[in-house]
Amino acid sequence: MLLLALGLLVVRRELSILQDRVAVSGAAPADGLAVGALAPQFPGMRSDDVVLFFFGDCEPCHEVATEVARSADPGGFACVVSDGTMAGSSAGFGRILPEDARVLTGDEAGAVRDRYKVHSGPFGVAVSNGLVVAKGILRYANDLEHLHNAAYGAASVGR
């Protein structure tokens, strides 16, 4: 009986460890370069930057782009806009973003998306000193603020 109780405790412990590992691995987005990786450099992108990935036919992407337009520092974001499943859908997307936002489209956007290993949107990557310091799927305006603070530091809190 004692051996059976000990065996059950061991099995329970192992299952608990497995659940913890699955929970942690599920929290990190699969897209994008790993945190700590060297960020690829492209014209129009900075060593401290927030790179946002959008698709022209993605409704959540439109919502996040509206939040970028409302932000106090739209120039602090590099917006990579690609066609989604509809060819040419990225063309009208630029009207959502303000003129001072840095927007990359076409083949250049595809190259950035490939080098950053991003396949979904809306997705964001914070780069500080040329390294990826944060990344994630964008759902709320606070997600943009989190990435902005990660890239530009605590001095940007009052933006």
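Whatever comes next refers back to the structure up there.
Residues numbered from 1 in each chain as written. Predicted model: local features only at pLDDT ≥ 70, side-chain atom pairs only at ≥ 80, totals over all residues. Heavy atoms only, no water.

Counting buried positions along strand E2 (residues 77–82) yields six of six residues, so the element is predominantly enclosed. Here E2 shows a buried face lined by Phe-77, Cys-79 and Val-81 and a second buried face lined by Ala-78, Val-80 and Ser-82. With six bridges joining them, strand E1 (residues 49–55) and E2 adopt parallel strand pairing. Along E2, the bridge assignment pairs Phe-54 with Val-81. As a crossover connection, the stretch from E1 through helix H2 (residues 59–70) into E2 is right-handed. With three bridges connecting them, E2 and strand E3 (residues 102–104) associate as parallel partners. Note that in E3 the partner of Val-80 across the bridge is Leu-104. (Buried < 20%, exposed > 50% of the residue type's maximum accessible area, 1.4 Å probe, protein only. Helix = DSSP H or I, 4+ residues; strand = E, 2+ residues; numbered from the N terminus. Pairing = 2+ DSSP bridges. Right-handed = clockwise from strand over helix to strand, strands pointing away.)

Quick look at the pairing of strand E4 (residues 123–128) now. Most of E4 is tucked away, with six of its six residues classed as buried. Residues Phe-123, Val-125 and Val-127 line one face of E4 and the alternating positions Gly-124, Ala-126 and Ser-128 line the opposite face, and both faces are buried. By the bridge criterion, five bridges tie E1 to E4 in an arrangement that is antiparallel. Within the sheet, the bridge partner assigned to Asp-49 lies in E4 and is Val-127.

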